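Descriptive analysis of the structure
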Amino acid sequence: MQKRFTKGAESMLVAIGTKNKAKISAVETVVKQLLNEQIEFQYIAVESGVSAQPMSDAETREGAINRALNTHTASKADFSFGLEGGVKDVGGVMYVCNWGTLVLKDGTIITAAGAQIPLPNVIATAVNSGLELGPVMDEYTQQNDIRQHSGAIGIFTKDLIDRKEMFEHVIKLLIGQYFFQKG
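In what follows, the accompanying structure is described. Note that the structure is a prediction, hence the values are computed from the model and not measured.

So, about the overall build of the protein. The helix and strand inventory of the protein stands at six helices and five strands. When the helices and strands of the protein are read in sequence order from the N terminus, they spell out β-α-β-α-β-β-β-α-α-α-α. Here the protein has a C-alpha radius of gyration of 16 Å; the compact-globule value for 183 residues is 16 Å, and the two agree. Taken over the C-alpha atoms alone, the protein extends approximately 55 × 30 × 30 Å along its principal axes. The burial tally for the protein puts 50% of its 183 residues in the buried class. Residue pairs in contact within the protein that sit at least 24 positions apart in sequence constitute 63% of those at least 6 positions apart. Accessible area for the protein stands at about 8900 Å²; split by element, carbon and sulfur atoms hold 51% of it. Each charge sign in the protein was given a centre, from 18 positive and 20 negative side chains, and these centres are 6 Å apart.

Laid out in structure tokens, this is it:
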């Protein structure tokens, strides 16, 4: 059973700290599914405050928190989301990692992480040389803007789960924690 949040007759402002299509679509899909029908979305390009290619869980999480806080500051929304994708090393193997943050109107911060899969050595080597995963994936697939669509996770799972779905899971974890805290 899906729990729904109803704020009342007024619309709820949901701000998303990105212009990335996959991330925006993930937030919109889950928020429309779980929250009231009167929702206004705002999209704000904000800084993550971390490197262009986060290289650890800690840095990726920090980027998501910073994006959500910067979005909250700019919008004063009821819900402000920050999503960040990165990579991390586990025992000499590079994995994709992703984090999300929800900042509530009162400043409460909720965080969650999502799916992680190993990257092929050819991709890991390129990223370790200082390149960002997105452009590396574009070159690898001979496609443009992979990070706006299926992402590395989509390519390396044969689209059984794409970047949007990966972030949808993170958004559900964030909103689920919100529901739990509210009782």
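Additional details are given in the paragraphs that follow.
Turning to its location among the elements, Val-14 is positioned in strand β1 (residues 12-16). On the basis of relative accessible area, Val-14 is assigned to the buried category, the value being 0%. Considering only alpha carbons, one finds Val-14 and Val-27, 13 residues apart in sequence, at a separation of 9.0 Å. The residues touching Val-14, leaving out its near neighbours within four places in the chain, are Val-27, Val-31, Ile-39, Glu-40, Phe-41, Gln-42, Ala-77, Phe-79 and Phe-81.

The next thing to look at is the sheet that holds strand β2 (residues 39-43). Strand order in the open sheet formed by five strands is β2-β1-β3-β4-β5, and the pairing between neighbours is mixed. Each having just a single partner strand, β2 and β5 (109-113) make up the two edges of the open sheet. Mean inter-strand twist for the sheet, computed between neighbouring axes without regard to direction, equals 25°. Where strand β4 (residues 93-104) meets β5, five bridges bridge the pair, whose relative direction is antiparallel. Bridge pairing links Trp-99 to Ala-113 in β5. Taken strand by strand, helix α2 (residues 57-75) contacts β1, β2, β3 (79-90), β4 and β5, and its axis lies near 165° from that of β3.

Further remarks concern the packing of aromatic side chains. The geometry of an aromatic ring pair is captured by the separation of the ring centres together with the interplanar angle, meaning the angle of the planes. In this structure the tally under the stated criterion is four aromatic pairs. Each ring, one from Phe-79 and one from Tyr-178, has its centre 5.0 Å from the other, and the planes form 75°; the classification is edge-to-face. With Phe-79 in strand β3 and Tyr-178 in helix α6 (residues 163-182), this pair connects stretches of sequence that are 99 residues apart. Take Phe-79 and Tyr-178: they sit in the same class, and that class is buried. Ring centres of Tyr-178 and Phe-179 lie 5.9 Å apart, and the angle between their planes is 50°; this geometry places the pair in the tilted category. On the basis of relative accessibility, which here comes to 6%, the residue Tyr-178 falls in the buried class.

Turning our eyes to something else, we now look at the packing of helix α1 (residues 21-34) against α6. Relative to each other, α1 and α6 sit at 40°, their axes nearing to 8 Å. Put simply, α1 runs oblique to α6. The handedness of the crossing between α1 and α6 comes out as right-handed. Residue-level contacts link Ala-22, Lys-23, Ser-25, Ala-26, Val-27, Thr-29, Val-30, Val-31, Gln-33 and Leu-34 of α1 to Arg-163, Lys-164, Phe-167, Glu-168, Ile-171, Lys-172, Ile-175 and Phe-179 of α6.

Glancing now at the side chain of Glu-168. Within the fold, Glu-168 resides in helix α6. Within the local environment of Glu-168, its side chain forms a polar contact with the side chain of Lys-164, the two groups lying 2.5 Å apart.

Below, the discussion takes up the layout of surface pockets. Within this model, the largest pocket holds a volume of roughly 520 Å³. Elements with a minimum of two residues in the lining of the largest pocket: β3, β4, α4 (133-141), α5 (151-155) and α6.

So, about the nonpolar core. Core analysis: the largest hydrophobic core is formed by 42 residues, its most contacted members being Val-14, Val-27, Val-31, Phe-79, Phe-81, Leu-133 and Ile-175. When residues in this core are grouped by element, the largest group, eight residues, is from α6. Every residue in contact with Val-31, bar those within four places of it in the chain, is listed here: Val-14, Ile-39, Phe-41, Phe-81 and Ile-175. Counting five residues, the second-largest nonpolar core is a separate cluster that includes Leu-13, Ala-15, Val-46 and Ala-77.

Calculation rules
Residues numbered from 1 in each chain as written. Predicted model: local features only at pLDDT ≥ 70, side-chain atom pairs only at ≥ 80, totals over all residues. Heavy atoms only, no water. Helix = DSSP H or I, 4+ residues; strand = E, 2+ residues; numbered from the N terminus. Rg over C-alpha atoms; globule rule 2.2 N^0.38 Å. Buried < 20%, exposed > 50% of the residue type's maximum accessible area, 1.4 Å probe, protein only. Contact = heavy atoms within 4.5 Å. Areas by Shrake-Rupley, 256 points an atom, 1.4 Å probe, with all protein chains shown as cover. Lys, Arg positive; Asp, Glu negative; His and termini not counted. Charge placed at Lys NZ, Arg CZ, Asp CG, Glu CD. Pairing = 2+ DSSP bridges. Axes fitted to C-alpha atoms, helices over the stretch in contact; angles between N-to-C directions. Phe/Tyr/Trp six-rings, centres within 6.5 Å; stacked < 30°, edge-to-face > 60°. Parallel < 35°, antiparallel > 145°, perpendicular 65-115°, else oblique. Left-handed = near helix turned anticlockwise from the far one by under 90°. Polar contact = N/O pair within 3.5 Å; in protein donor to acceptor, adjacent residues only side chain to side chain. 1 Å grid on protein atoms, 1.4 Å probe; cavity = no way out; pocket = protein on both sides within 12 Å on 5 of 7 lines; lining within 4 Å. Points joined across faces, edges and corners; volume = space filled by probe spheres on them. Core = buried A, V, L, I, M, F, W, Y, C linked by side-chain atoms within 4.5 Å.

That is the geometry; function is a separate question.
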